[in-house]
Amino acid sequence: MNFQEISDYIKYLLFQAGFTEAKAAYTHVIVGLVGLALLCFLIWAVSRFFIIRVVKRIVRKSKSKWDDTLYKFKVFRSISFIIIAITVAKASPILFRDFPNWREFAVAASQIYVVLSIMFAVNSLLNAILGILETVDSLKDKPLRSYKQVAKIVFYLVGFVFILAIIVGQSPVYILTGFGAVTAVFLLIFRDPILGFVASIQMSAIDLVRIGDWITVDKYGADGEVVEINLTTIKVQNWDMTITIVPSYAIVSESFKNWRGMQESDGRRIKRFINIKISSIKFCDADLYNRLMKVERVAPYLSVRDKEISEYNLINQVNKEVLVNGRHMTNIGIFRVYAEKYLEQNPNINKNMTFMVRQLQATEHGLPLEIYAFSSVKDFEGFEKVAADIFDHLFAAVPYFDLEIFQSPSGSDMTSLVQSIN
């Protein structure tokens, strides 16, 4: 029996019991609503029993993970609510057939209920699909949440159109044609989602940013690991454990730094320099030469270099009384060789990548001696320790070569100078 036959039978019984037509109509509605409520409860109870007992057991026994995700996000339960909504929509016009005004409202409300239940089911399904795709290794670094949010917006807009069409009693096509007049308003309202969606496609297409990348966006104060990529924003957990939210479109339209290349390479670059006081640079005399011969890292170099220079000066009959004549070693040159040897013996420096000690253009702050090398330790804390150890040693070694590090005079220096003059 269908709803129509059941309704006719109830009214027949009411007339047989002596009810007037008006009383029969009201009683028919009340009885029908009670019966419909019981039917919906029965459907819910059966579906709940089926989901908890049968589906859950199947899911647990299954080796695949996708069905576990569907169960976790209550996709099966949302389907049961769709069945209940359709049942209500089918019964509503029959229950209120004797009350035209009520009938129109009940039909519209039941149809809206169907649309909402479908929207909630789609929402659960999209969440489940995202959960399934996030378990795929090749997709873990993709902006899947952005695509999910776009899909939700599309389905919500479609659902809104259907609900609006039900309320005004028009075809959804008629509603859609009216959207042309408010397109500019929608573009203004959904500006960030639209820009974010386009940015997500670009980021995915050219592989700009992945979850887990270390990025630096100076404009927004972001310097840390990407933990989440959404439709309109990228969540970055900075190294101080704070969270910075960066607009998705900013990654495409503005400058930022992605450290992924460094993380995937064999080393992280050290590029720092020491400013040497220019007035401390001098030729290497006999006293300095004898002292530096005791330094194991440069002793072999000094022996070979001294022999080479001596032979040159002898062949060219150079007057050695004046140091600028001929060829001579300098303390800055020897220190540069010392720094290179120190880097060569450092186990944390990747010898297969570029490493050198070079002079930069002299400035009012002295002569910059730059260390350019790659640390095999790439994590933030370990890298900083390696770099600090190198410069700790070099700063301490500078005085052994009769060199001085340039330092701008402080207040105490000026005070000491004045006191010494007085």
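Source: prediction; values computed, not measured. (Residues numbered from 1 in each chain as written. Predicted model: local features only at pLDDT ≥ 70, side-chain atom pairs only at ≥ 80, totals over all residues. Heavy atoms only, no water.)

Things to note about the pattern of salt bridges
Item 1. This structure, assessed with the given rule, holds 12 salt bridges.
Item 2. Between Lys219 and Glu254 there is a salt bridge; the shortest N-O distance is 3.1 Å. Pair noted here: Lys219 is in the loop between strand E1 (214-217) and strand E2 (222-229) and Glu254 is in the loop between helix H10 (248-253) and strand E5 (257-258), with a separation of 35 residues, a long-range link.
Item 3. Its salt-bridge partner being Lys282, residue Asp402 comes within 2.9 Å of it at the nearest N-O pair. In this pair, Asp402 is assigned in the loop between helix H15 (380-397) and helix H16 (411-421) and Lys282 in the loop between strand E6 (268-276) and helix H12 (286-292), connecting sequence segments 120 residues apart.
Item 4. For Asp402, a relative accessible area of 26% puts it in the partly exposed group.
Item 5. What emerges from the salt-bridge pattern is a single network uniting Lys282, Asp287, Arg291 and Asp402. (Salt bridge = Lys/Arg side-chain N within 4 Å of Asp/Glu carboxyl O. Helix = DSSP H or I, 4+ residues; strand = E, 2+ residues; numbered from the N terminus. Buried < 20%, exposed > 50% of the residue type's maximum accessible area, 1.4 Å probe, protein only.)

What to know about the confidence of the model for the protein chain
Item 1. Of the residues in the protein chain, 81% reach a pLDDT of 70 or more, and the chain-wide mean stands at 80.
Item 2. When mean pLDDT is taken per element in the protein chain, helix H14 (residues 331-344) scores highest with 94 and helix H1 (residues 3-16) scores lowest with 61. (pLDDT = per-residue confidence, 0-100.)

Considerations on the layout of surface pockets
Item 1. What the second largest pocket holds in volume is close to 280 Å³.
Item 2. As for the second largest pocket, its lining consists of 13 residues, of which Cys284, Asp306, Ile309, Ser310 and His328 are closest to the centre.
Item 3. Split by residue class, the lining of the second largest pocket holds 6 nonpolar, 3 polar and 4 charged. (1 Å grid on protein atoms, 1.4 Å probe; cavity = no way out; pocket = protein on both sides within 12 Å on 5 of 7 lines; lining within 4 Å. Points joined across faces, edges and corners; volume = space filled by probe spheres on them. Nonpolar A, V, L, I, M, F, W, Y, C, P; charged D, E, K, R; others polar.)

Section: the nonpolar core
Item 1. Within the largest apolar cluster, 35 residues are counted, with the highest numbers of intra-cluster contacts made by Ile270, Ile334, Phe335, Tyr338, Ile390 and Leu394.
Item 2. Counting residues per element, the ones that place at least two in this core are E6, H12, helix H13 (299-315), H14, strand E8 (367-375) and H15.
Item 3. Contact partners of Tyr338, with chain neighbours within four places excluded, come to Val295, Arg297, Val298, His393, Leu394, Ala397 and Phe401.
Item 4. Met203, Ile229, Ile234 and Val246 belong to the second-largest nonpolar core, a separate cluster that totals 12 residues. (Core = buried A, V, L, I, M, F, W, Y, C linked by side-chain atoms within 4.5 Å. Contact = heavy atoms within 4.5 Å.)

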